[in-house]
Amino acid sequence: MTNAVALVTGAGSGIGRAVARALAREGWTLALMGRREAALRETLQDLQPQALILPADVADEAQVDAAFARLRERFGRLDLLFNNAGIGAPPVPIDELTVGQWRAVVDTNLTGSFLCARAAFALMKVQQPRGGRIINNGSISAHAPRPFSAPYTSTKHAVTGLTKALSLDGRAFDIACGQIDIGNAATDMTEKMTRGVPQANGQTMVEPRMDVEDVARAVVYMAGLPLSANVQTMTVMATSMPFVGRG
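Residues numbered from 1 in each chain as written. Predicted model: local features only at pLDDT ≥ 70, side-chain atom pairs only at ≥ 80, totals over all residues. Heavy atoms only, no water.

Draft legend 1. Looking closely at the sheet that holds strand S9 (residues 233-237). With respect to topology, seven strands assemble into an open sheet ordered S3-S2-S1-S4-S5-S6-S9, the strand pairing being parallel. Single-partner strands in this sheet number two, and they are strand S3 (52-55) and S9. Neighbouring strand axes in the sheet, compared pairwise and without regard to direction, differ in orientation by 15° on average. In terms of strand pairing, strand S1 (residues 5-9) meets strand S4 (residues 80-83) through three bridges, oriented parallel. Counted as the bridge partner of Leu7 is Leu81 from S4. Each of S1, strand S2 (29-34), S4, strand S5 (132-137) and strand S6 (175-183) touches helix H1 (residues 14-25); the most contacted strand, S1, lies at about 165° to it. (Pairing = 2+ DSSP bridges. Helix = DSSP H or I, 4+ residues; strand = E, 2+ residues; numbered from the N terminus. Axes fitted to C-alpha atoms, helices over the stretch in contact; angles between N-to-C directions. Contact = heavy atoms within 4.5 Å.)

See the structure below:
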């Protein structure tokens, strides 16, 4: 992938960090976006010192547009956007959620994905050679929600709709769009699963997790396809997690 440019959002930790490192090892030129500059620099360390660090909140239109302007100035093109940044809300009944907590999840998970995809489209349509790929980080929650997950689940359903719309609208410009739905990757966000999380039957149960590097390899595969081929949706999950048959 010499000279191919990839932008990873939420690259300062977890899945974003693992995917960024895997892409760097495969020869992609990296741009990393996230709210914490120090965490972004730690992601690649000595692996790719020439990476472009883009401190920005994906939910902020002005910050996203400024970050993409810097990317365009540095590299002149974008071949891959991994729309990964996301957050959850406290796992409480919906009547105990504040509107602020709801909006924070919607702003990051959905609006943030839209803002980055919009900016990526604008560049991919006019660059030469034209086109590129967008991979949205969905979730198993887009298919089967967990208890007390209304904001997160709602946004991931919406991301699935965004993926399909982008996949359709991108055809005329050689822009491919797919989605990866991830279940129980071992990151700080899923550490609570080792202590037990609520189940659909009201019980609390420890859930198995998978190595986050398995997710990274899956994204690298999707990213490496020619634009004439696309993984529309991929599910990567811990084999024994309660998803198939959940509830």
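Draft legend 2. Region of the structure containing the environment of Leu30. Here Leu30 is to be found in strand S2. Along the chain, Leu30 and Gln50 lie 20 residues apart, while their C-alpha atoms are 8.1 Å from each other. With residues near it in sequence (within four places) discarded, Leu30 still touches Ala6, Val8, Ala20, Leu23, Ala24, Leu44, Gln48, Ala51, Leu52 and Phe75.

Draft legend 3. Focus on the packing of helix H4 (residues 99-124) against helix H5 (residues 150-169). The geometry of H4 relative to H5 is characterised by a closest axis approach of 8 Å and an angle of 15° between their N-to-C directions. Judged by the angle between their axes, H4 and H5 are roughly parallel. Once H4 is placed against H5, the crossing between them reads as right-handed. The residues of H5 that touch H4, namely those facing Trp102, Val105, Val106, Asn109, Leu110, Ser113, Phe114, Ala117 and Phe121, are Ala150, Pro151, Tyr152, Ser154, Thr155, Lys156, Ala158, Val159, Leu162, Leu166 and Asp169. Its residues assigned to classes, the contact of H4 with H5 shows 14 nonpolar, four polar and two charged. (Parallel < 35°, antiparallel > 145°, perpendicular 65-115°, else oblique. Left-handed = near helix turned anticlockwise from the far one by under 90°. Nonpolar A, V, L, I, M, F, W, Y, C, P; charged D, E, K, R; others polar.)

Draft legend 4. Up close: the nonpolar core. One finds Leu23, Leu30, Leu32 and Ile180 to be the most contacted residues of the largest nonpolar core, which totals 42 residues. Elements supplying a minimum of two residues to this core: S1, H1, S2, helix H2 (37-44), S4, S6, helix H6 (212-224) and S9. It is H6 that contributes the most residues to this core, eight residues altogether. Excluding residues within four positions of it along the chain, Ile180 makes contact with Phe82, Ile135, Asn136, Asn137, Gly138, Ser139, Val215, Ala218, Val219, Met222, Met234 and Val236. Counting residues in hydrophobic clusters, the runner-up holds 28 residues, among them Phe68, Cys116, Phe121 and Leu123. (Core = buried A, V, L, I, M, F, W, Y, C linked by side-chain atoms within 4.5 Å. Buried < 20%, exposed > 50% of the residue type's maximum accessible area, 1.4 Å probe, protein only.)

Draft legend 5. Geometry of the packing of helix H3 (residues 61-75) against H4. Contact geometry for H3 and H4: axes closest at 10 Å, N-to-C directions at 30°. In this structure, H3 meets H4 at a crossing whose hand is right-handed. Residue-level contacts link Glu61, Val64, Asp65, Phe68, Leu71 and Arg72 of H3 to Leu115, Cys116, Arg118, Ala119, Ala120 and Leu123 of H4. Each residue belonging to the contact of H3 with H4 can be placed in one class, and the counts come to eight nonpolar, no polar and four charged.

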